[in-house]
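Examination of the molecular architecture
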Amino acid sequence: MREPELHLSPSPGDEVKTTTCYMCACRCGLKVWLKDGKIRYLQGNPAHPVNRGVLCAKGAAGIMQHYSPARLSKPLLRTGERGSGQFREISWDQALDLLTGRLRRIRGENPDKLAFFTGRDQSQALTGWWAQQFGTVNYAAHGGFCSVNMAAGGLYTLGGSFWEFGEPDWEHTRYLMLWGVAEDHDSNPIKLGLGRLKARGAKIVAINPVRTGYGAIADEWVGIRPGSDGLLAFALIHELLRCDRIDLDYLVRYTNAHWLVLRNPGGADDGLFARDDEGHPLCWTREGAPARADAVDIAPTVVGEVTLPDGRRAVPAFHLLAERYLDPRYSPDAVAGRCGVPAATIRRLARELAEAAFEHPVRLPIRWTDAWGREHAEMVGRPVSFHAMRGISAHSNGFHTCRALHLLQLLLGAVDTPGSFRYQPPFPRPVPPANHPGKARKDDGTLDAVPLGFVHGPEDLLVDADGVPRRIDHAYSWAYPLAAHGMLHTVIRNAWAGDPYPIDTLFLFMANMSWNSAMNTGETMQWLTDKDADGEYRIPFIVYADAYASEMVAYADLVLPDTTYLERHDCISLLDRPISDADGAADAIRHPVFAPDRDVRPFQSVLIDLGARLGLPGLVDAEGRPKYRDYADYIVRHERAPGLGLLAGWRGEAGVLEGKGPPNPDQLARYLEHGGFWRGEIPEHARYFKMANRGYLDWACKMGFLADPAPIVLQLYSETLQKFRLAAQGHGPRQPPEAQRERVARYFDPLPLWYEPFEQAQLDADAFPLSAITQRPMFMYHAWGSQNAWLRQIAARNFLYLHPDTAAKHGIADQDWVTVESHHGRIVVQAKLAANVQPDTVWTWNAIGKRRGAWRLDGNAPEGTHGFLLNHLISDRTPDGGYANADPVTGQAAWFDLRVRIAPAASAEVVQPQFPRLSLGEAGAEPLRYGAQWRD
């Protein structure tokens, strides 16, 4: 009998295209399988350097983003009251004519009256440049309420940072510490790396109030109290110093540990580095004389006060560090109670770090030359790696906590050595990076630089002669001087209040600011709809661009419908959020796999069209004609500097150059031929010690990452911060207003410090005894994923999770309804018991709760009836009302400082609060029901 013919591996389709995923910040390579022109299957691209074929639940569910009935389908103009969701459809010409006329008037009067803020897009290299051409200082992206503490803490210390800009040495590390790591960013590379560590038997320690995701597979979970990570880091530093388990050779070679710091209390130079007549920093040699700190083959001292030939007193920076952290207040016994981590555990962790770093050095037989011309026969490193994310960043003390972790790494000699944390190109950068924030307008109306940059001293702040902020979000002001990502979370309140001035138009892209991207959601919705005494909206005009019918759509006056990520070009650029790894630089594109079946346009192309209609410099040629056809043309032909474009691969007319070179008209075609990405290998001899490796520095200059090959000195002690402290003490031409002097002097400490998060410090701990935080689930990145049909099958509602001991203390049983109160608000939700949380903390999944009527979900969808946000409890101001609920250095939103009390509640049918159901009023809109297109 003949056996039937079986197709054991049938093809998912009849055509396959490659592109880049957009379901999280990982940006994995995709293979999109089509059949009869329709999407049938998403598969990880095995050739792609980010994911190597691995694809998570989010990525695979991208199909349902493409088919989502929540997609917007036509430009909309508000017809009813703002917030009512009443719109009429208009044409694109009508929409753009309306917006062009308004923006042309604004640019002629005062460009700063346009506030242009973007959410979690991946095209900031375009949007920031567009704002510069328009001439407004009021531009920012989402980093201010996401991760700016992480970025600024690293860039002002190491010239790089955690997050998406560095990675553990997965091949060689023996000991990995994960600090405050969620599962939603860079997930597939981390999963791949953790698998390699587990296979090799390396130890993984997860430090987090909640044990989920990566922490669940860690060898040890340290359940820390939120906001106390900096104290734990200082206790580890204390133990390493006390036991003399630090890498002094590394510190002297690569950091400013030996640079002399002037001691002149009350003087204008107190705390600055001693320098020679040419501005070079000085050190003190063991021979008893000053020398240039960057001199080769010197033997500098690192402790002890000295007198310079001109009579000034000074000590090495390391002396100040040791003086501070050897203080008994940072001992394990002193910090254990506050951290919730036993002193014995802290001491053991310090011993384990030292043992891994110093008893098991990694030696790679690779010859290399350092920046000073010295040749080395091998690369020797410390196999201790750190990785950190939002859990340590989203606190009002997060900047200094991030700096504390970097300090701990440096003392171990564990930055960009074999086995340690490694930079990903284009990092490291000079400390701080060279680009200053734009603040002056040129004759053609453009800003002198892009609006976001890095402050080097008080002279870079955007304040007027009286110290009043010039930006609507108060970024780069005396209140938040190093706000390198701007402060999206303050924009709506300040625009409503006209603080520091009224704006005309608020232009938002993919920023769900009326719901899950807002603190103080209730008042935020009121600010968006509030009117003045004349009956006019206090925020006169709101433009919103998005692909989906989110909660924010109802509050717009004009809605510009975006495409899905499978319907447009995107550029994952080295000028923006790179996808490099430690051994190579990489970038990628997205391209239209399908033509849209709705009257929608890619937002980036709309922005370029809008700029050309306005005649913005850079967007029109000398005759005033559009310079770029669309975003794809911009990607190929735009140059930020001669030879430096958005994509690094296949540059030059022949397409044989990489990094820098003239535009190549066939560049996008070359990318598509190579799977949608480019990767350039770092030479083997240049892959470690990038901050001081001549091979790497020369390669980075050739690629356009660095302007010159000077070594990058890592900063234990920050002179930039000390400049602000001196200004607060009355020195220099630009000083803070009297009311802010004490604040600046306190928080601009040149060495990392710890202080109680503001909400905890300003509230009665007995009245609000619990911390409340959110976690990002692996299966959901941000709001747009929680209306995805496949991801909803994993979770369509959330609970408040609390430790069984905490529940018993408050008389709460599993699945009881509870009230949760903060100083700001109250919610009623359902509780669930879980032992994977530190007992003084409660937590929930973020971004699952939805407002009824949004996202085209059915009115009784569990996301609206049983899903909830902690955002309703979070004030956008500190409890004393004095400042934004944010870090005083960077303006980072302090989401995780929330303090609450809980109590049993009567059983309920739905969570509270409930807001009036939205009706988004788009013609033909129906509740979210999947399946019809998929079945066809």
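Structure: above.
Residues numbered from 1 in each chain as written. Predicted model: local features only at pLDDT ≥ 70, side-chain atom pairs only at ≥ 80, totals over all residues. Heavy atoms only, no water.

Before going further, it helps to examine unusual backbone geometry. Geometrically, the link from V431 to P432 is a cis peptide bond, its omega value of -15° lying close to zero. Note that P432 resides in the loop between β22 (421-423) and α14 (491-497). Residue P913 is bonded to the preceding Q912 through a cis peptide linkage, with omega at 5°. The residue P913 is located in the loop between β36 (899-904) and α26 (932-935) in this model. Phi at M510 takes a positive value of approximately 50°, unusual for a residue other than glycine. Its location among the elements puts M510 in the loop between β23 (505-509) and α15 (521-529). (Helix = DSSP H or I, 4+ residues; strand = E, 2+ residues; numbered from the N terminus.)

The next point concerns the layout of surface pockets. The volume enclosed by the second largest pocket comes to roughly 550 Å³. Lining the second largest pocket are 35 residues, with R52, E167, W170, D581 and A582 sitting closest to its centre. Contributing elements (two or more residues each) for the lining of the second largest pocket: β8 (166-168) and α6 (187-200). Tallied by class, residues from the lining of the second largest pocket come to 15 nonpolar, six polar and 14 charged. (1 Å grid on protein atoms, 1.4 Å probe; cavity = no way out; pocket = protein on both sides within 12 Å on 5 of 7 lines; lining within 4 Å. Points joined across faces, edges and corners; volume = space filled by probe spheres on them. Nonpolar A, V, L, I, M, F, W, Y, C, P; charged D, E, K, R; others polar.)

Now for empty space enclosed by the protein. For the structure on display, the rule yields ten cavities of 30 Å³ or more. By volume, the largest cavity amounts to about 220 Å³. If you go around the largest cavity, you meet 21 residues; those closest to its centre are M510, D546, Y548, W784 and W855. Considering only residue class, the lining of the largest cavity consists of nine nonpolar, eight polar and four charged.

Between its terminal C-alpha atoms helix α11 (residues 343-359) stretches 23 Å, which fits the 24 Å expected from 17 residues at 1.5 Å a residue. Within α11, the full set of buried residues consists of A343, T345, I346, L349, A350, E352, L353, A354, A356, A357 and F358. (Expected span 1.5 Å × (residues − 1). Buried < 20%, exposed > 50% of the residue type's maximum accessible area, 1.4 Å probe, protein only.)

Now for the pattern of salt bridges. Opposite charge on two side chains makes pairing possible when the charged atoms of those side chains draw close. Scanning the entire structure with this criterion turns up 59 salt bridges. Across the pair R363 and E378 runs a salt bridge whose closest N-O atoms are separated by 2.6 Å. With a gap of 15 residues between them, R363 in strand β17 (residues 362-364) and E378 in the loop between β19 (375-376) and β20 (379-381) connect regions that are remote in the sequence. Sharing partners across several salt bridges, the network here consists of R71, E567, D597 and R598. (Salt bridge = Lys/Arg side-chain N within 4 Å of Asp/Glu carboxyl O.)

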